[in-house]
Amino acid sequence: MTDFSRRGALGLIGGAATLTMLGSPAFANTKINVGALRFTSHAPSFVAFERGYFTDEGLDVEFKFFQAAQPMAVAIASGDADYAVTAISGGLISLAEKGATKVIGGALSEEPGINGQMILASNAAYEAGLNAPAELNGKSFGITQAGSSFHYMGSKIAGAYDADVAYKPLQKVGAIIGALKTGQIDAWAIVPHIGMALTGAGAVQHIGMVADYIPDYQVTTVFTSANNAANERAKTEAFLRAFSKGAADYNAALVDKTEGEAAEVEMVKLIHKYVYADKSYEAAAPSIINGAMRINNDAALNMGSVTDQVDWFKSEGLVKDSITTETLVDPSYVEIT
């Protein structure tokens, strides 16, 4: 686990106009831990850190990196992390039911016309006839854990064809990649910056898009502890303002491409410090650029998608039937769509 810290003088408080707030006090370098994965989809946090948006809000950020969603939810509940961005998981929902966590905003989203999450097949499975999601019956599908977003996606895709799929929990994204490349599992679904790199290298085959099966999918959310959501409103609003500025910069440079080539290069170099850092810039840049997906403006949250996810977890017996979206979400911080 690698930690990064930035300290600086407090700047003027700015913010995203649509975030619900009553104003924000000046924080004196308030330390917070932010959970993240080394994915392009976590870029808004990296941008807010590198460009001083967290510092401007008086927040002294340290990143804590994880390799799956559920351990991040546990870290929020235990106080090891204050804010995080990741997919909704059974663990996150169960912790919300226990009064430990709350979703406070939206982040990564599937959007028509923008590269989205890819459905992949191993080369061996592809050669054996897995050329489309309709051929998933009897195949294995990689997931980190039962109740992960990978489980949700796989079930939704398989359900479209009444396919009997074996879900293989491998704990970490890196382990799933290794298993897919070596044919130990047949299929997987993942964000495009990873999927394109794998298919471009000929390591796996692209057989479909998640958006065809889960339209308008709220892929990741911003969440925090229930205590922060209820009792640390000014600090939480400050975090969301900085995060939203980072998202706006990221969308403009890589998704909407309204800032020009120089801004795109600058953004990719910034993200490269955190994503594919073990590769050269030349090797990492195409995956980061081609894999850019929309981050919701001002952290708006697609409640319809969240409701669908909660309902799926309940239908699978992965969380209690009594849980509702109100159990999981504090809707008072951002626009609900």
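Each residue is numbered by its place in its chain's sequence as written, counting from 1. In keeping with the model being predicted, local features are shown solely for residues with a pLDDT of at least 70 and side-chain atom pairs are shown and tallied solely at 80 or more, while totals for entire chains, interfaces and linings include all residues. Here the side-chain values reflect all heavy atoms present in the structure, with hydrogen atoms and water set aside.

Undergrad: Would you mind going over the pattern of salt bridges with me for this structure?
TA: When their charged atoms lie close together, side chains carrying opposite charge are able to pair. The salt bridge criterion pairs a side-chain nitrogen of Lys or Arg with a carboxyl oxygen of Asp or Glu, the two atoms within 4 Å. Counting across every chain of the model gives 11 salt bridges. Notably, a salt bridge pairs glutamate 97 with lysine 320, separated by 3.4 Å at the nearest N-O pair. On the criterion of sequence distance, the pair formed by glutamate 97 in helix α4 (residues 90-97) and lysine 320 in the loop between α13 (303-315) and α14 (325-328) is long-range, its members being 223 residues apart. Look at lysine 320 and you get partly exposed, because its relative accessible area is 49%. One salt bridge in this structure joins aspartate 308 and lysine 156, with 3.2 Å as the shortest N-O distance. Placement of aspartate 308 in helix α13 and of lysine 156 in helix α6 (residues 149-159) is noted, with a sequence separation of 152 residues between them. In this scheme, a residue with accessible area under 20% of its type's maximum is buried, one over 50% is exposed, and one in between is partly exposed, where area comes from a 1.4 Å probe on protein chains only. Owing to a relative accessible area of 29%, aspartate 308 belongs among the partly exposed residues under this scheme. Working definition: helices are DSSP H or I runs of at least four residues, strands are E runs of at least two. Numbering for both runs from the N terminus.

Undergrad: Just to check I follow, could you spell out the nonpolar core for this structure?
TA: Buried together is how nonpolar side chains tend to be arranged in soluble globular proteins. Take the buried Ala, Val, Leu, Ile, Met, Phe, Trp, Tyr and Cys residues and link them wherever side-chain atoms come within 4.5 Å; each set so joined is a nonpolar core. Ranked by size, the top nonpolar core spans 111 residues in total, and within it Phe63, Trp188, Ile194, Phe239, Leu254 and Leu328 carry the most contacts. Here this core takes 10 residues from helix α10 (residues 233-255), the largest share from any one element.

Undergrad: Could you clarify how one ought to interpret the pairing of strand β7 (residues 166-169) in this entry?
TA: On a regular strand, each side chain points to the face opposite its neighbour's, so the side chains alternate between the two faces of the sheet. The criterion for strand pairing is that DSSP finds at least two bridges linking the strands in question. With 4 bridges joining them, strand β6 (residues 140-143) and β7 adopt parallel strand pairing. The residue of β7 that forms the bridge with isoleucine 143 is proline 169. Think of it like this: strands point away, you trace from the first strand over the helix to the second, and a clockwise trace means the crossover is right-handed. What joins β6 to β7 is α6, and the crossover it makes is right-handed.

Undergrad: Is there a simple way to explain the sheet that holds strand β1 (residues 30-36) in this structure?
TA: Pairing between the strands of a sheet is mediated by backbone hydrogen bonds and can be parallel or antiparallel. Spatially, β2-β1-β3-β10-β4 is the arrangement adopted by the 5 strands of the open sheet, whose pairing is mixed. Strand pairing shows two members of the sheet lacking a second neighbour, β2 (59-65) and β4 (101-106), which therefore form its edges. With strand direction ignored, the average angle separating the axes of adjacent strands in the sheet is 25°. As judged from the 4 bridges shared by strand β3 (residues 83-86) and strand β10 (residues 221-225), these two strands associate in the antiparallel manner. The residue bridging alanine 84 from the neighbouring strand is phenylalanine 223, located in β10. Any two residues whose heavy atoms approach within 4.5 Å at even a single point are treated as in contact. Inter-axis angles, ranging from 0 to 180 degrees, are taken between N-to-C directions of lines fitted to C-alpha atoms, where helices are fitted over the stretch in contact. The sheet contacts of helix α1 (residues 43-50) involve β1, β2 and β3, and relative to β2 the element is tilted by about 140°.

Undergrad: Sorry if this is basic, but what is going on with helix α7 (residues 173-181) here?
TA: In an α-helix, one turn spans 3.6 residues, which is why side chains three or four residues apart end up on the same side. Among all positions in α7, only Val173, Ile176, Ile177, Ala179 and Leu180 are buried. Down the axis of α7, the smallest arc covering the buried residues is 165°, so these residues share one side. Immediately beyond the C-terminal end of α7, within one or two residues, lies glycine 183, with a positive phi of roughly 75°. This arc corresponds to the set of directions leading from the helix axis out to the C-beta atoms.

Undergrad: I would appreciate a short explanation of the packing of helix α3 (residues 69-78) against α4 in the present structure.
TA: A pair of packed helices can be characterised by two numbers: the angle between their axes and the separation between those axes. Direction vectors running N to C along α3 and α4 enclose 20°, while the axes themselves pass 8 Å from each other. Looking at the two axes, α3 sits roughly parallel to α4. Residues Gln70, Ala73, Val74 and Ala77 of α3 form the contact with α4, whose participating residues are Gly90, Gly91, Leu92 and Leu95. Gly is placed with the polar residues, together with every amino acid not listed as nonpolar (Ala, Val, Leu, Ile, Met, Phe, Trp, Tyr, Cys and Pro) or charged (Asp, Glu, Lys and Arg). For the contact of α3 with α4, the class distribution of residues is 5 nonpolar, 3 polar and no charged. Should an angle lie under 35 degrees it is considered roughly parallel, over 145 roughly antiparallel, and from 65 to 115 roughly perpendicular; all remaining angles are considered oblique.

Undergrad: Explanation requested: unusual backbone geometry in the structure shown.
TA: Across the chain, the bulk of peptide bonds are trans and the bulk of non-glycine residues have phi less than zero. Even without being a glycine, aspartate 216 presents a positive backbone phi close to 60°. Relative to the assigned elements, aspartate 216 resides in the loop between β9 (204-209) and β10. Even without a glycine there, the phi angle at alanine 299 is positive, about 60°. Here alanine 299 shows up in the loop between α12 (281-290) and α13.

Undergrad: Explain the side chain of histidine 272 here, please?
TA: Note that histidine 272 resides in helix α11 (residues 261-272). Among the residues examined, histidine 272 registers a relative accessible area of 13% and is labelled buried. From its side chain, histidine 272 meets the backbone oxygen of tyrosine 276 in a polar contact 3.1 Å long. Dropping the residues within four chain positions of it, histidine 272 is found in contact with Ala277, Lys279, Ser280, Tyr281, Ala284 and Ile288. Counting of polar contacts relies on pairs of N or O atoms within 3.5 Å, with two restrictions inside protein: one atom must be capable of donating a hydrogen and the other of accepting it, and residues adjacent in sequence are counted only when both atoms are side-chain atoms.

Undergrad: Looking at this structure, I do not really get the pairing of β2. What am I missing?
TA: In terms of burial, β2 is a largely internal element, 6 of the 7 residues being buried. The pairing of β1 with β2 spans 7 bridges and is classified as parallel. Directly across from alanine 36, in β2, lies its bridge partner phenylalanine 65.

It is worth stressing that arrangement in space is one thing and function is another; only the former is reported here.
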